[in-house]
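Chain residues, written in single-letter form:
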Amino acid sequence: MSPAANPQPNMIDRPIVLIGLMGAGKSTVGRRLASRLHLSFVDSDHEIEEAAGLTIAEMFERYGEAEFRDGERRVIARLIDGTPKVIATGGGAFMDDHTRSLILERATAIWLDADVRVLAERVARRAGTRPLLKGGDAREKLAALAKVRNPIYALAPIHIRSRPSPHEATVDAILKALGQ
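Read on for an overview of the structure. (Residues numbered from 1 in each chain as written. Predicted model: local features only at pLDDT ≥ 70, side-chain atom pairs only at ≥ 80, totals over all residues. Heavy atoms only, no water.)

A separate point is the pairing of strand β1 (residues 16-19). Alternating positions in β1 separate into two faces, I16 and L18 on one and V17 and I19 on the other, with burial throughout. Of the strand pairs in this sheet, β1 and strand β4 (residues 108-113) are connected by four bridges, and their pairing is parallel. Across the sheet, residue I16 finds its bridge partner in β4, namely T108. (Buried < 20%, exposed > 50% of the residue type's maximum accessible area, 1.4 Å probe, protein only. Helix = DSSP H or I, 4+ residues; strand = E, 2+ residues; numbered from the N terminus. Pairing = 2+ DSSP bridges.)

Before going further, it helps to examine the nonpolar core. Across soluble globular proteins, nonpolar side chains show a tendency to be buried alongside one another. If you look at the biggest cluster of nonpolar residues, it comprises 50 residues, and the most contacted ones within it are I16, L18, L33, I80, I110, L112 and I174. The dominant element in this core, judged by the number of residues it contributes, is helix α3 (residues 56-79), at seven residues. With residues near it in sequence (within four places) discarded, I110 still touches I16, V17, L18, I19, A156, I158, I160, I174 and L178. (Core = buried A, V, L, I, M, F, W, Y, C linked by side-chain atoms within 4.5 Å. Contact = heavy atoms within 4.5 Å.)

In this section: the environment of V17. In this fold, V17 is placed in strand β1. Note on V17: relative accessible area 0%, which makes it buried. Sequence-wise, V17 and A107 are 90 residues apart; in three dimensions their C-alpha atoms are separated by 6.5 Å. The residues touching V17, leaving out its near neighbours within four places in the chain, are I80, I87, T89, I103, A107, T108, A109 and I110.

What follows covers the layout of surface pockets. The computed volume of the second largest pocket comes to approximately 190 Å³. In terms of lining, the second largest pocket is formed by I48, A51, A52, L54, M59, Y63, E67, F68, G71, R74 and V75. Only α2 (44-52) and α3 provide two or more residues apiece to the lining of the second largest pocket. Looking at which element gives the most residues to the lining of the second largest pocket, the answer is α3, with seven residues. Within the lining of the second largest pocket, the residues separate by chemical class into eight nonpolar, one polar and two charged. (1 Å grid on protein atoms, 1.4 Å probe; cavity = no way out; pocket = protein on both sides within 12 Å on 5 of 7 lines; lining within 4 Å. Points joined across faces, edges and corners; volume = space filled by probe spheres on them. Nonpolar A, V, L, I, M, F, W, Y, C, P; charged D, E, K, R; others polar.)

Honestly, that's just the spatial picture; any functional story needs more than this.
Listed below in structure tokens is the structure:
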């Protein structure tokens, strides 16, 4: 039987959307996952910045979080067009009811979860670029965000622990969960 007549049973047929707190590795893991699956990778934060001509920090400062989330929702809706790809979202994207519904209905959502200690170490590498961590202890703010957001992130059908091990281990865990 020719390969065309017997397609792979585990082909990716919809977008894969990575969700989780900042520092969970959504962008880094997403790029590697996309490469392994031979799909394109899109970072929704980058797409939002391109569309607005401003950084996320500038958008938060000028327009506030509510206006930023509205733009984020529109960009993610555009990205989830049915074409298989890997999309990394900002940490708050899945908190919006409309964005979450869109992701759950039209994509495969994967929650990258990490300990607050690991998140704090990772976000410290990009100090100053995280508007929600301004003015205070990053670890405390991340713990507060995790308390509120983790129950919502848990609505994702796939839950992967992002550990301080090489990112390839996280990619391998995702591929296993996807049946690849």
